[in-house]
Amino acid sequence: MKIAVFVSGGGTNLQALIDYERQNSDCPYKIVLVLSDTKSAFALERAKNAGIPTKICSPFSILGSERAKIASKEEKREAVSDAALDAAKSYGADAIVLAGWLTVLSGKIIEAFSGKIVNLHPALLPKFGGVGMWGHFVHEAVLAAHETESGCTVHLVDAGCDTGKILVQKKVPVLPNDTPDSLYARIAPKEHEAMVEGVCILAKMIS
């Protein structure tokens, strides 16, 4: 299964996918493209170091700086989504993996890759999902709710936000003195495991 990995930040989950592909001759996926919605994502460096093609699909790179400044959030989302769809198709991707990707996908890409997009979310969905729930905001919400456990979820992407079918979940305890940072540090290794497992499950589903 050829995958395009969409990123926005440091790319530690991308690195987990790269490492698994390199270390396992029977790996069921091949990363053919790493696409970012921001040019400063360190994940792009990880991809280049691994010899994987990269592409930037930011609102500014697609719309131009003047138009991007006045475009609505929906216009930006759709422009990024459409450009990402074209890129994924041009590299022959069979599926899309959202590994720390922050732009909510909309429009034609959801239909074109229906049942073939997975996302990693840093909480145990359906809890603590939806618009605005990403990164440290999720961990802050978990602590504020006095949860006794948290973790991460890999799920299929549908037209909603964090609402698709769950493929993998990994749990960790929430400790009494946890901060958002300490909780994230405990979840991060589980994210790497879940990301690889989820993509391998997807490969079996669509093979």
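Details of the structure are given in the entry above.
Each chain carries its own residue numbering, running from 1 in the direction its sequence is written. A pLDDT threshold of at least 70 governs which residues receive local features in this predicted model, and a stricter bar of 80 or more applies before side-chain atom pairs are shown or counted, although totals over entire chains, interfaces and linings include all residues. Excluding hydrogens and water, the side-chain figures rest on all heavy atoms present in the structure.

**Student:** Any chance you could explain the nonpolar core here in plain terms?
**Tutor:** In a soluble, globular protein the nonpolar side chains are often hidden away together inside. By nonpolar core is meant a set of buried Ala, Val, Leu, Ile, Met, Phe, Trp, Tyr and Cys residues that side-chain atoms within 4.5 Å join together. Working definition: with a 1.4 Å probe on protein chains only, accessible area under 20% of the residue-type maximum means buried, over 50% means exposed, and in between means partly exposed. Formed by 39 residues in total, the largest nonpolar core has its most connected members in V5, L17, Y29 and I31. Looking at this core, the element that brings in the most residues is helix α8 (residues 180-206), giving eight residues. We call two residues contacting when some pair of their heavy atoms lies within 4.5 Å. Not counting residues up to four positions away in its chain, the partners in contact with L17 are V5, Y29, I31, V97, M195, V196 and V199. Within the second largest apolar cluster, 22 residues are counted, among which are A88, I96, W101 and V157. Starting at the N terminus, helices and strands are each numbered in turn, a helix being any DSSP run of H or I of at least four residues and a strand any DSSP run of E of at least two.

**Student:** Looking at this structure, how should I read the packing of helix α1 (residues 12-23) against α8?
**Tutor:** Where α1 contacts α8, the two axes come as close as 9 Å, and the packing angle between them is 45 degrees. On the basis of the axis angle, α1 is oblique to α8. As α1 packs across α8, the resulting crossing turns out to be right-handed. Each of T12, N13, A16, L17 and Y20 in α1 lies in contact with α8, whose residues at this interface are Y184, E191, H192, M195, V196, V199 and C200. Fitting a line to C-alpha atoms yields each axis, with helices limited to the stretch in contact; the angle taken between N-to-C directions then spans 0 to 180 degrees. Relative orientations are named as follows: roughly parallel for angles under 35 degrees, roughly antiparallel for angles over 145 degrees, roughly perpendicular for angles from 65 to 115 degrees, and oblique for any other angle. The sense of a crossing depends on the near helix, which, turned anticlockwise from the far helix by less than a right angle, makes the crossing left-handed and, turned clockwise, makes it right-handed.

**Student:** Just checking my understanding: could you explain the sheet that holds strand β2 (residues 30-36) for this structure?
**Tutor:** Strand-to-strand pairing in sheets goes through backbone hydrogen bonds, with the strands running parallel or antiparallel. For two strands to pair, DSSP has to find at least two bridges joining them. Here seven strands make up an open sheet; going across it, the order is β3-β2-β1-β4-β5-β6-β7 and the pairing mixed. Sheet topology places β3 (54-56) and β7 (166-173) at the edges, where each strand pairs with a single neighbour. Between one strand axis and the next, the sheet turns through 20 degrees on average, direction left out of account. Pairing between strand β4 (residues 95-98) and strand β5 (residues 117-121): three bridges, direction parallel. Within β5, the position partnered with I96 by the bridge is I117. Taken strand by strand, α1 contacts β1 (2-7), β2, β4 and β5, and its axis lies near 165 degrees from that of β2.

**Student:** Would you take a moment to explain α1 for this structure?
**Tutor:** What sets the pattern is the α-helix's 3.6 residues per turn: residues three or four places apart point alike. A helix is expected to span 1.5 Å for every residue after the first. The first and last C-alpha atoms of α1 sit 16 Å apart over 12 residues, in line with the 16 Å expected at 1.5 Å per residue. Taken residue by residue, α1 has N13, L14, A16, L17 and I18 as its buried positions. Buried positions along α1 lie against β1, β2, α2 (43-49), β4, β5 and α8.

**Student:** Just to check I follow, could you spell out unusual backbone geometry for this structure?
**Tutor:** A negative phi angle characterises most non-glycine residues, just as the trans form characterises most peptide bonds. Omega for the bond connecting L125 with P126 falls within 30 degrees of zero, at 10 degrees, which places this linkage in the cis form. Within the fold, P126 resides in the loop between β5 and α7 (136-144). Phi at F128 takes a positive value of approximately 60 degrees, unusual for a residue other than glycine. Here F128 lies in the loop between β5 and α7.

**Student:** Can you help me understand the pattern of salt bridges in this one?
**Tutor:** Working definition: two side chains of opposite charge can pair if their charged atoms are close together. Any Lys or Arg side-chain nitrogen located within 4 Å of an Asp or Glu carboxyl oxygen qualifies as a salt bridge. With the rule as written, the count across this model stands at six salt bridges. Among the ionic pairs, E66 bridges to K69, the shortest N-O distance being 3.7 Å. Within this pair, E66 and its partner K69 are both found in helix α4 (residues 65-70), separated by three residues, close to a single helical turn. K69 shares its class with E66; the two are exposed. In this structure, the salt-bridge partner of E147 is K127, at a minimum N-O distance of 2.9 Å.

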